[in-house]
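Residue-level listing of the chains:
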Amino acid sequence: MHIPGNPSASGQRRGVELRRGRVGTRTRCVGPGEREGHGRRGRRRERQQQRCRAPSSLGNDDEWNADGENLGTVIDTEGAGTSFISPKWLTELGRLWGGKSDVPVVSAAPEDVKDLLGGALFQALYKWMLTDGAIYLLPTGPISSFLIVSEPAAAKHILRASDNPSRNVYGKGLVAEVSKFLFGDGFAVAEGEQWTARRRAVGPAMHRKYLETMVERVFVPSAVALNDRLVAEGNNPVDIEACFSQLTLDVIGKAVFNYDFNALRKESPVIQAVYTALKETEQRATDLLPYWKIPFLSLFDERQRKAQEAVEIIRETTNELIDRCKKMVEEEERRTGSREEVDETYVNDADPSVLRFLIAARDEVSSTQLRDDLLSMLVAGHETTGSVLTWTLYLLLENPACMAKAVEEVDGVLGSRTVPTLADLQKCPYAMRCINESMRLYPHPPVLIRRALMEDRLPGGQIVPRG
């Protein structure tokens, strides 16, 4: 079951310009509306047309900025291979297999289904919403189908009945199935008591003192570094989505692991592995045959082999960071002869990361569970945050009056200072509302997937079959 966000968020092909009045420069920004789709799924498939490139060990052409450094590193977002998409005759047969739901069944051509993977996600969904209504059935094969829900009351009904101890009608289902190879048992795919326990364990690390430290030592310096590099580009076009995604990867790397990916300035096999693994989860979600469930198939299938290699790179790196942090904590305890006191304000000055908090707090979980939880933050967190920043900037550039008001608010709070604090950010309600409005118009992720654990009836009377 897909629950899309705003179906009008399909993007329009237009250019935007990022104006920087204070320094008198102007950078042309390749905005999200110039791609065929929503977020990173819509990145242009023809990488040779990308406006800003960087040296890559993957065989991409070299293109540097004026300072000899790369801006907007090229990432291979095509994944490890293509999906098995339902041919037309199977899609038509699927209309007979759609269960006993009484909602309209759309006629999905193969090219429409392909748009749902790596293309303009909302274009096909929005088209069918206009022709068939806010709730319709999308068959994707002879034994599979999705109930697409865009009606607010129905979406609220489904989400309230998801992972609800008193009325657990819907589960993550497909989300967990296609992502478990990457996230393991992390809270990104966990449900029920396991999700509650892991959320309670990780949540205390995000206290106010931690946020104040992150703003001062991570968020602001990283943002300033990107801003300086954009200014240096002058009138050169840049892929702003790539820049924001790399920025958020750098931020989360430091905030969660105390590790500097330095994604804005250099290539990294870890960064490429993250995108290969993310793309594989998308491809699995629309495969006609879930052949990836067959054990040891990665030994023979090229796509699964690449995806497995990517996950191994990510997990090896994460395990190394966890082991390093554990050794540091143990060494400090041997040296001082005592354990650190961890309370709701604990922040280690040398390593203020979430990982350090969890290890110092003696969170009673295995190293594998800790790895999976941290991977949930790293992989699932950076791309969505980068997408929020991309769409917010795009909308502000499309609405100059709103941009001017936001800039005026920030200037009024900072005055002659150039480095904001957490308290400063909390004094910028208009800028926060701009971000919130961006997420309302272009939600991240753009769809939520749930599976009916039992038959259910929506507020409008539509029947949702089990499965």
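Up top is the structure these notes are about.
Residues numbered from 1 in each chain as written. Predicted model: local features only at pLDDT ≥ 70, side-chain atom pairs only at ≥ 80, totals over all residues. Heavy atoms only, no water.

A. The arrangement of the overall build of the chain in detail. Broken down by element type, the chain carries 15 helices and eleven strands. Expressed as a percentage of the 467 residues in the chain, the buried residues total 51%. By sequence separation, contacts in the chain at least 24 residues apart represent 70% of the contacts at least 6 residues apart. (Helix = DSSP H or I, 4+ residues; strand = E, 2+ residues; numbered from the N terminus. Buried < 20%, exposed > 50% of the residue type's maximum accessible area, 1.4 Å probe, protein only. Contact = heavy atoms within 4.5 Å.)

B. Broad picture of the environment of V407. Here V407 is to be found in helix α13 (residues 400-414). The spacing of V407 and C428 is 21 residues in sequence and 9.9 Å in space, taken between C-alpha atoms.

C. Here's a closer look at the side chain of E280. Looking at the element boundaries, E280 is found in helix α9 (residues 269-286). Judged by its relative accessible area of 0%, E280 falls in the buried class. Only 2.9 Å separates the side chain of E280 from the side chain of Q304, close enough to count as a polar contact. Not counting residues within four places of it along the chain, the set of residues in contact with E280 comprises F181, R303, Q304 and A307. (Polar contact = N/O pair within 3.5 Å; in protein donor to acceptor, adjacent residues only side chain to side chain.)

D. Structural context of a nonpolar patch on the surface. A cluster of nonpolar side chains, namely F296, L299 and F300, defines an oily patch on the protein surface of about 450 Å² accessible area. Note on placement: F300 falls in the loop between α9 and α10 (302-336). (Patch = residues over 30% accessible without salt bridge, like charges linked within 9 Å, V, L, I, M, F, W, Y side chains within 5 Å. Areas by Shrake-Rupley, 256 points an atom, 1.4 Å probe, with all protein chains shown as cover. Salt bridge = Lys/Arg side-chain N within 4 Å of Asp/Glu carboxyl O.)

E. Spatial organisation of helix α5 (residues 174-183). Of all ten residues that make up α5, seven are buried, and the element is covered over most of its length. Listing the buried residues of α5 in full gives L174, A176, V178, S179, F181, L182 and F183. Note on α5: the residue one or two positions beyond its end, G184, has a positive phi of about 60°.

F. Fine view of the side chain of Q369. One can find Q369 in helix α12 (residues 367-398). On the basis of relative accessible area, Q369 is assigned to the buried category, the value being 13%. Dropping the residues within four chain positions of it, Q369 is found in contact with D185, G186, Q194 and R198.

G. Up close: a negative patch on the surface. On the surface, E312, E316, E320 and D323 cluster together to form a negatively charged patch. Looking at where E320 falls in the secondary structure, it is placed in helix α10. (Lys, Arg positive; Asp, Glu negative; His and termini not counted. Charge placed at Lys NZ, Arg CZ, Asp CG, Glu CD.)

H. Representation of the nonpolar core within the structure. Grouped together as the largest cluster of nonpolar side chains are 58 residues, with contacts concentrated most on L182, V354, L355, L374, L378 and V379. For L374, the residues in contact, after removing those within four places along its chain, are V256, F257, I322, V354, L355 and L358. (Core = buried A, V, L, I, M, F, W, Y, C linked by side-chain atoms within 4.5 Å.)

I. A look at the packing of aromatic side chains. Counted under the stated rule, the structure contains five aromatic pairs. Summarising the aromatic geometry, the rings of W128 and Y136 are spaced 6.3 Å apart at their centres and angled 75° between planes, so their arrangement reads as edge-to-face. Of the two residues examined, W128 and Y136, each falls in the buried class. Between W391 and Y442, the ring centres sit 3.7 Å apart and the planes meet at 10°, which makes this aromatic pair stacked. Of the two residues, W391 sits in helix α12 while Y442 sits in the loop between α15 (429-441) and β8 (447-449), which places them 51 residues apart along the sequence. For the residue pair W391 and Y442, the accessibility class agrees, reading buried in each case. Of the aromatic side chains, those joined through ring pairs into one cluster are W391, Y394 and Y442. R284 extends its terminal NZ or CZ atom over the ring of F181, reaching a point 4.1 Å from the ring centre. (Phe/Tyr/Trp six-rings, centres within 6.5 Å; stacked < 30°, edge-to-face > 60°. Lys NZ or Arg CZ within 6 Å of the ring centre and 35° of its normal.)

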